[in-house]
Amino acid sequence: MPQKAANPISPQKISELFENLNVGGTTNQNVSRMTREQKHAQQLEADACSIFISNISLVATPEEIDEYFHDCGTIKRITMLYDKKTGPNDGYAYLEFDSVESRDKALKYDGKIFLNNKIGVQKKRTNVPNFSKTPQNRKVNPDSSILPLKS
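A brief report on the enclosed structure follows. (Residues numbered from 1 in each chain as written. Predicted model: local features only at pLDDT ≥ 70, side-chain atom pairs only at ≥ 80, totals over all residues. Heavy atoms only, no water.)

What to know about the overall build of the chain
Counting its regular elements, the chain contains five helices and eight strands. The N-to-C order of helical and strand elements in the chain reads α-β-β-α-α-β-α-β-β-α-β-β-β. Relative to its full complement of 151 residues, the chain shows a buried share of 22%. Within the chain, contacts between residues at least 6 apart in sequence are counted, and of these 59% link residues at least 24 apart. Split by element, the accessible area of the chain, about 11800 Å² in all, is 52% carbon and sulfur. (Helix = DSSP H or I, 4+ residues; strand = E, 2+ residues; numbered from the N terminus. Buried < 20%, exposed > 50% of the residue type's maximum accessible area, 1.4 Å probe, protein only. Contact = heavy atoms within 4.5 Å. Areas by Shrake-Rupley, 256 points an atom, 1.4 Å probe, with all protein chains shown as cover.)

Considerations on the nonpolar core
Counting 18 residues, the largest nonpolar core has Ile51, Ile53, Ile65, Phe69, Leu95, Phe97 and Val121 as the members making the most contacts within it. Looking at this core, the elements that each hand over two or more residues are β3 (50-54), α4 (62-69), β4 (75-82), β5 (89-97) and α5 (100-107). In this view, Ile65 contacts Ile53, Ile56, Ile78, Met80, Ala93, Leu95 and Phe114; residues no more than four positions away in its chain are not counted. (Core = buried A, V, L, I, M, F, W, Y, C linked by side-chain atoms within 4.5 Å.)

Section: the pattern of salt bridges
Scanning all chains against the criterion turns up four salt bridges. Between Glu96 and Lys76 there is a salt bridge; the shortest N-O distance is 3.6 Å. You can see Glu96 sitting in strand β5 and its partner Lys76 sitting in strand β4, a full 20 residues away along the chain. Taking the relative accessible area as the measure of exposure, Glu96 reaches 10% and is therefore buried. Connected through shared salt-bridge partners, Lys76, Arg77 and Glu96 make up one network. (Salt bridge = Lys/Arg side-chain N within 4 Å of Asp/Glu carboxyl O.)

Describing the packing of aromatic side chains
For the coordinates displayed, the defined rule picks out seven aromatic pairs. Ring centres of Phe52 and Tyr94 lie 5.2 Å apart, and the angle between their planes is 50°; on these two criteria the pair is classed as tilted. Placement of the pair is Phe52 in strand β3 and Tyr94 in strand β5, with a sequence separation of 42 residues. The structure contains a cluster of three or more aromatic residues connected by ring pairs, namely Tyr68, Phe69, Tyr109 and Phe114. (Phe/Tyr/Trp six-rings, centres within 6.5 Å; stacked < 30°, edge-to-face > 60°.)

Let's talk about the sheet that holds strand β8 (residues 120-123)
Within the open sheet, the four strands sit side by side as β4-β5-β3-β8. Their pairing is antiparallel. Only two strands of the sheet have a single partner each, and these edge strands are β4 and β8. Each strand axis lies, on average, 20° off the axis of its neighbour in the sheet, ignoring direction. The pairing of β3 with β5 spans five bridges and is antiparallel. Of the residues in β5, the one forming a bridge with Ile51 is Leu95. Helix-sheet contacts for α4 involve β3, β4, β5 and β8, and the interaxial angle to β4 is about 140°. (Pairing = 2+ DSSP bridges. Axes fitted to C-alpha atoms, helices over the stretch in contact; angles between N-to-C directions.)

Section: the pairing of β3
Pairing analysis gives four bridges linking β3 to β8, with the strands arranged antiparallel. Along β8, the bridge assignment pairs Ile51 with Lys123.

Considerations on unusual backbone geometry
Backbone geometry at Asn55 places phi at a positive 60°, although glycine is not the residue there. Position of Asn55 relative to the elements: it lies in the loop between β3 and α4. Assessed through its relative accessible area of 40%, Asn55 is described here as partly exposed. The phi angle at Leu115 is positive, at roughly 50°, despite the residue not being glycine. Here Leu115 shows up in the loop between β6 (113-114) and β7 (117-118). A residue is classified by how much of its surface remains accessible, and Leu115, at 34% relative accessible area, is partly exposed.

No statement about biological role is implied by the geometric values presented.
This is the structure we're talking about:
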């Protein structure tokens, strides 16, 4: 005999909880109301406390990275990308710290050995909004990135 669910939460209540959820000082509702300039300013602030780590071992986990960099300060976020087909990480990660001072301590780990790999640690660069490597008014030949297509 199937068991009856005890006091299920209504979809409306779930929506209310998510709307009131405060993550990183901003609610989802506030983020959607922010202007492009405000979002960019918030991104600049986060990037000022962030690093890019290259040449990470393909078997490294976020927990191992957290343990390795924990002496630098409080880590707010670890971002690692994984290959969808093969599974292992792509060999790089981003770490966001709670302060610029913590980030500066982490920059001293550049060239150190982590899981048998010499890692590179640099300041995270900020993406420029609406930046494109290919000018929008130029057609690119799909067979060659050098020669433009004839109109």
